[in-house]
Number of protein chains: 2
Amino acid sequence: MSLDEHWFSEPLEPEGVAFSLRVTEKLHDERTAYQHLEVYETARWGRLMLLDGCVMLTSRDNFIYHEMMSHPALFAHPDPRDVLIIGGGDCGTLREVLKHPGVNSATQVDIDEAVTRASERFFPELCQANDDPRARLLFADGVRHVAEARPDSLDVVIVDSTDPVGPAEGLFGEPFLRDVRRALRPGGIMVQQSESPLFHSESIIGALHTAMGNAGFDTVRTLTFPLPSYPGGWWSATLGGKGADVTARRPQGAEPGFETRYYNGEIHAAAFAAPQFCRGAFGAG
Amino acid sequence: MSLDEHWFSEPLEPEGVAFSLRVTEKLHDERTAYQHLEVYETARWGRLMLLDGCVMLTSRDNFIYHEMMSHPALFAHPDPRDVLIIGGGDCGTLREVLKHPGVNSATQVDIDEAVTRASERFFPELCQANDDPRARLLFADGVRHVAEARPDSLDVVIVDSTDPVGPAEGLFGEPFLRDVRRALRPGGIMVQQSESPLFHSESIIGALHTAMGNAGFDTVRTLTFPLPSYPGGWWSATLGGKGADVTARRPQGAEPGFETRYYNGEIHAAAFAAPQFCRGAFGAG
C-alpha cells in the first residue's frame, strides 16, 4: 500500500529505504541561517523535529540516542569533569551529561541557535538542564571553537552532529579530530555519532576509524544501538581515546546511579559487541 | 515529502509508523490456502517477500533474523542433536541450524507449502540446506505436530512464526508452550520470535514470559537484535529452558566455527542485555 498525506516520510534514496510517521499537525516551519527546521505533532511518537527534511529526533525514541551518546563515554572515563558538546542543539545530550554529579562544566556549542530555541519550545523535557549552573550554551562554529580550545583542558568531547554533509561536514575530518585530541587531557575520550552500521560501515564508520587513528587517538571503537526513527533503525557512535580504554566501565558493570531508560551496566558492555560483518570497519577482532 | 507508487510501504497503524522500500517489479502474487503471498524486486534490498502485506524478509537483512533465531539457542545447548522448527517456511532458519555439525535431524513444519515453494524460486540461497539428508520439510499444522510429538525427543524447538494473529496465534498460547516443553528433552531449549522491544515489551513479550513460566520453563530470557525491515527496526526472540540456562554459551565466548554475518561470540552475550525500560518485561534485574 502507499501512504497518504497524513504521513511524513524520510527516504534515504541511495539505500532505497524510507521511514515514515503519521503526523497530525505542523507546529513550526522556519528557515534558519543554516537549515530548514520543522516541527510536527505525530500520532504516536510525540513531537518530531526535522532539519533539512531529515529526522533529528522524536519525543518517543530520542532517549536511546542521547543516553548512548553520553553515558558510555562518561562512564569509560574515570573522572569526567569538563565536557564539551559540539552540536547537540536540542540539549538532550547536555541533559544526560549533567546527570553525572562529578561533571563540573558542560559546554554545548551548536552553530544554530534556532535549534535550541525550538527545542526549548517544543521539547522542554530535553532542556531541563539548560539552567544548571554547570551548563554553558554557546552558538558558534564548533570547528573553530575546538581549534581555539585550550590544550589539555577537557575530559570528554561529544560530537552530536547532523550527517556529514552541509554544516557538519568538517566535524568528520582529520584536522578537526586532531584539534579535539589536542583539547583533551591525557586519558580523555571523544565520541562522535557515526551513522548506520548497515549502510555506512564500509564508508563513514571505516573512514572515521582511519581519521581518528591518523589524528592520534590510541584506541578507537564503535558501539551500536537501535534508533527506530533514523534510517535503517540502527545507529552507531565511535569513540576515540587519548591514552584511554574507551570501552572500560568504571566501576565495571555498575549501574548508572541515576535514571535512564535505555542505558545500564549490561548495555554498556553489550553495545561494543561488533556484528560479524562490521568487524573490519569497527577495527574489532 | 510523500512517497510515490514506486515504494512498497508497511504501516504499523497502532504505532503510527511505516517502513518502505523502493520496488522495481512485482515478481509474484498468490493467494495461498492461508495467506496472501507477494514477492517484489527492490531497488537496493534484493527481493522482498510479503505475507498479508507484512514484510517477511528481504534478501539484504534476513541474515540477522535467521542467525539470531538459531545460533544463540543452539550454542546455549551443550549438544543439540534433534531440532524442530515451527514455521520458518522460507527455510533460512533451517539453513542456519544445519550449519551446526552436531545436529542429526532438523525438521521444519510450516503450515503453508506455498511459502517454501516461493522461497525456493525467489530466495534460493536460503534453501541451500533443503536437500541436506538431515533436513525434513513437513507442511502441516505446527500446533498439532507439537501436540503429537514424542515426549523428551527434541533438544531445540525454534518457533519462527508470523505475528501472533491469524495462522500463528496458537503459537503464543500456553497449551502450545506446554506441548513444546513436553517434547523437549531435559536440558532442552525453545526459542520464539517475540516482536518489537519498543512496541511490544509490555504486551506480547511480557505475556510470553508469563505463558512460558506457566508452561513450566525454568529460565525465560529475551534477546534483541536490529532488524531494519521489521516495524521499528528492532526485534526480539524469547528463549525458555527446560532445566537449562538459556543464556549460556558453550564454550563461553567461542566463535561459531562456520560462516556468519551478524552472530559471533561477542554478539551472543551482548544480545541478552536488557535495555533499562525492558527489564520488567524481560524478567531481567
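As the structure is a prediction and not an experimental result, all values here were calculated from the model. (Residues numbered from 1 in each chain as written. Chains lettered and ligands numbered in written order. Predicted model: local features only at pLDDT ≥ 70, side-chain atom pairs only at ≥ 80, totals over all residues. Heavy atoms only, no water.)

Q: Hey, could you run me through the pattern of salt bridges in this one?
A: If the charged atoms of two oppositely charged side chains come close together, the side chains can form a pair. Residue and element names in this part refer to chain A. Applying the stated criterion across every chain, the model contains 38 salt bridges over all chains. We note a salt bridge from Lys 26 to Glu 38, for which the minimum N-O separation is 3.0 Å. Placement of Lys 26 in strand 2 (residues 17-31) and of Glu 38 in strand 3 (residues 36-42) is noted, with a sequence separation of 12 residues between them. The class for Glu 38 is buried, based on a relative accessible area of 9%. (Salt bridge = Lys/Arg side-chain N within 4 Å of Asp/Glu carboxyl O. Helix = DSSP H or I, 4+ residues; strand = E, 2+ residues; numbered from the N terminus. Buried < 20%, exposed > 50% of the residue type's maximum accessible area, 1.4 Å probe, protein only.)

Q: Explanation requested: the interface of chain A and chain B in the structure shown.
A: With 45 residues of chain A in contact, the opposing surface of chain B contributes 45 residues. The interface formed by chain A and chain B contains 10 salt bridges. The closest approach of N and O atoms between Arg60(A) and Glu15(B), which form a salt bridge, is 2.9 Å. Of all the elements in the fold, those that place two or more residues in the side of chain A that touches chain B are strand 1 (7-12), strand 2, helix 1 (62-76), helix 6 (197-214), strand 11 (219-226) and helix 7 (265-271) of chain A. Its residues placed into classes, the side of chain A that touches chain B shows 27 nonpolar, eight polar and 10 charged. Across five bridges, the pairing between strand 2 of chain A and strand 2 (residues 17-31) of chain B is antiparallel. Within strand 2 of chain B, the residue paired with Ser20(A) across the bridge is Ala18(B). (Contact = heavy atoms within 4.5 Å. Nonpolar A, V, L, I, M, F, W, Y, C, P; charged D, E, K, R; others polar. Pairing = 2+ DSSP bridges.)

Q: Help me understand the pairing of strand 10 (residues 184-193) of chain B, please; the structure alone is not making it clear to me.
A: All names here are of chain B. Burial of strand 10 is extensive: eight of the 10 residues sit out of reach of the surface. Relative to strand 10, strand 9 (residues 154-160) runs parallel, the two sharing five bridges. Considered in strand 10, the bridge of Ile 158 is made with Val 191. Of the crossover connections in this fold, the one passing from strand 9 over helix 5 (residues 174-183) to the parallel strand 10 is right-handed. (Right-handed = clockwise from strand over helix to strand, strands pointing away.)

Q: Can you walk me through the layout of surface pockets in this structure?
A: Taking a probe equal in size to a water molecule and rolling it over the atoms shows the remaining empty space. Put simply, the largest pocket is a space of about 750 Å³. Together, 47 residues line the largest pocket, and Leu51(B), Met56(B), Ser161(B), Thr162(B) and Asp163(B) are the ones closest to its centre. Counting only elements with at least two residues in the lining of the largest pocket, the list comes to strand 1 (7-12), strand 3 (36-42), strand 4 (47-51), strand 5 (54-58), helix 1 (62-76), strand 6 (82-87), strand 7 (105-110) and helix 4 (142-147) of chain B. Across the lining of the largest pocket, the residue classes break down as 26 nonpolar, 12 polar and nine charged. Residue assignment places the lining of the largest pocket across two domains, with domain 1 (2-58) and domain 2 (62-278) of chain B each supplying three or more. If you add up the space inside the second largest pocket, you get close to 350 Å³. For the second largest pocket, the lining is made up of 25 residues, of which Gly87(A), Asp110(A), Asp160(A), Ser161(A) and Thr162(A) are closest to its centre. Of all the secondary-structure elements, those providing two or more residues to the lining of the second largest pocket are strand 4 (47-51), strand 6 (82-87), strand 7 (105-110) and helix 4 (142-147) of chain A. Class assignment of the residues belonging to the lining of the second largest pocket gives a composition of 14 nonpolar, seven polar and four charged. Of the residues that make up the lining of the second largest pocket, three or more belong to each of domain 1 (2-58) and domain 2 (62-278) of chain A. (1 Å grid on protein atoms, 1.4 Å probe; cavity = no way out; pocket = protein on both sides within 12 Å on 5 of 7 lines; lining within 4 Å. Points joined across faces, edges and corners; volume = space filled by probe spheres on them. Domains from an automatic or database assignment.)

Q: How should the domain arrangement of chain A be read in this particular structure?
A: How large an interface is tends to be reported as the accessible area lost when its parts come together. Residue and element names in this part refer to chain A. Split into domains, chain A comes out as domain 1 (2-58) and domain 2 (62-278). Opposite the 23 residues of domain 1 that make contact, domain 2 presents 21 residues. Regarding the contact of domain 1 and domain 2, the summed buried area is about 2000 Å², with carbon and sulfur atoms giving 70% of it. The interface formed by domain 1 and domain 2 contains zero salt bridges. Applying the counting criterion to the domain 1 and domain 2 interface returns five residue pairs in polar contact (both at pLDDT 80 or more). When contributions to the side of domain 1 that touches domain 2 are tallied by element, the ones reaching two or more residues are strand 1, strand 2, strand 3, strand 4 and strand 5 (54-58). For the side of domain 1 that touches domain 2, the per-class residue count stands at 15 nonpolar, four polar and four charged. (Buried area = accessible area lost by both parts, 1.4 Å probe. Polar contact = N/O pair within 3.5 Å; in protein donor to acceptor, adjacent residues only side chain to side chain.)

Q: How do you make sense of unusual backbone geometry when you look at a structure like this?
A: Within the chain, Asp52(A) stands out as a residue other than glycine whose phi angle is a positive 50 degrees. If you trace the backbone, Asp52(A) turns up in the loop between strand 4 and strand 5. You will see that Cys91(B), though not glycine, has its phi angle at about 75 degrees, which is positive. Following the sequence through the fold, Cys91(B) ends up in the loop between strand 6 and helix 2 (92-97). The class of Cys91(B) is buried, set by a relative accessible area of 0%.

Q: How should I be thinking about the sheet that holds strand 10 (residues 184-193) of chain A in this particular structure?
A: Strand pairing in a sheet relies on backbone hydrogen bonds, with the paired strands running either antiparallel or parallel. Residues and elements named next belong to chain A. Pairing in this open sheet of seven strands is mixed, and the strands run 8-7-6-9-10-12-11 from one edge to the other. Every interior strand has two partners, whereas the edge strands, strand 8 (135-139) and strand 11, have only one. The average angle at which neighbouring strand axes cross in this sheet is 15 degrees, direction not considered. Of the strands in this sheet, strand 10, strand 11 and strand 12 (234-241) touch helix 6, which is tilted by about 10 degrees from strand 12. (Axes fitted to C-alpha atoms, helices over the stretch in contact; angles between N-to-C directions.)

Q: Looking at this structure, how should I read the sheet that holds strand 9 of chain B?
A: All names here are of chain B. Taking strand neighbours across the sheet as the criterion, the seven strands line up as 8-7-6-9-10-12-11 in an open arrangement whose pairing is mixed. A single partner strand is all that each edge strand has here, and the edge strands are strand 8 (135-139) and strand 11 (219-226). Across the sheet, the mean angle from the axis of one strand to that of its neighbour is 15 degrees, orientation sign disregarded. Against the sheet, helix 1 touches strand 6, strand 9, strand 10, strand 11 and strand 12 (234-241), its axis set at about 160 degrees to strand 9.

Q: Help me out: how do you make sense of the side chain of Ser153(A) in this one?
A: Relative to the assigned elements, Ser153(A) resides in the loop between helix 4 and strand 9 (154-160). Residue contacts for Ser153(A): discarding those within four places in its chain leaves Asp82(A), Ala183(A), Leu184(A) and Arg185(A).

Q: I tried to follow the environment of Ala76(A) on my own but got confused; where do I start?
A: All names here are of chain A. Within the fold, Ala 76 resides in helix 1. Take Ala 76: its relative accessible area is 2%, and that puts it in the buried class. Counting along the chain gives 159 residues from Ala 76 to Trp 235, while the straight-line C-alpha distance between them is 20 Å. Setting aside residues no more than four positions away along its own chain, Ala 76 makes contact with Ile 189, Asp 245, Val 246, Ala 248, Arg 250 and His 268.

Q: Sorry if this is basic, but what is going on with the environment of Phe225(B) here?
A: All names here are of chain B. The residue Phe 225 is located in strand 11 in this model. Taking relative accessible area as the criterion, Phe 225 reaches 1% and is therefore assigned buried. C-alpha separation for the pair Phe 225 and Ala 271, spaced 46 residues apart in sequence, amounts to 6.5 Å. If we ignore the near neighbours within four places in the chain, the residues touching Phe 225 are Ile 64, Tyr 65, Met 68, Trp 234, Trp 235, Ser 236, Ala 237 and Tyr 262.

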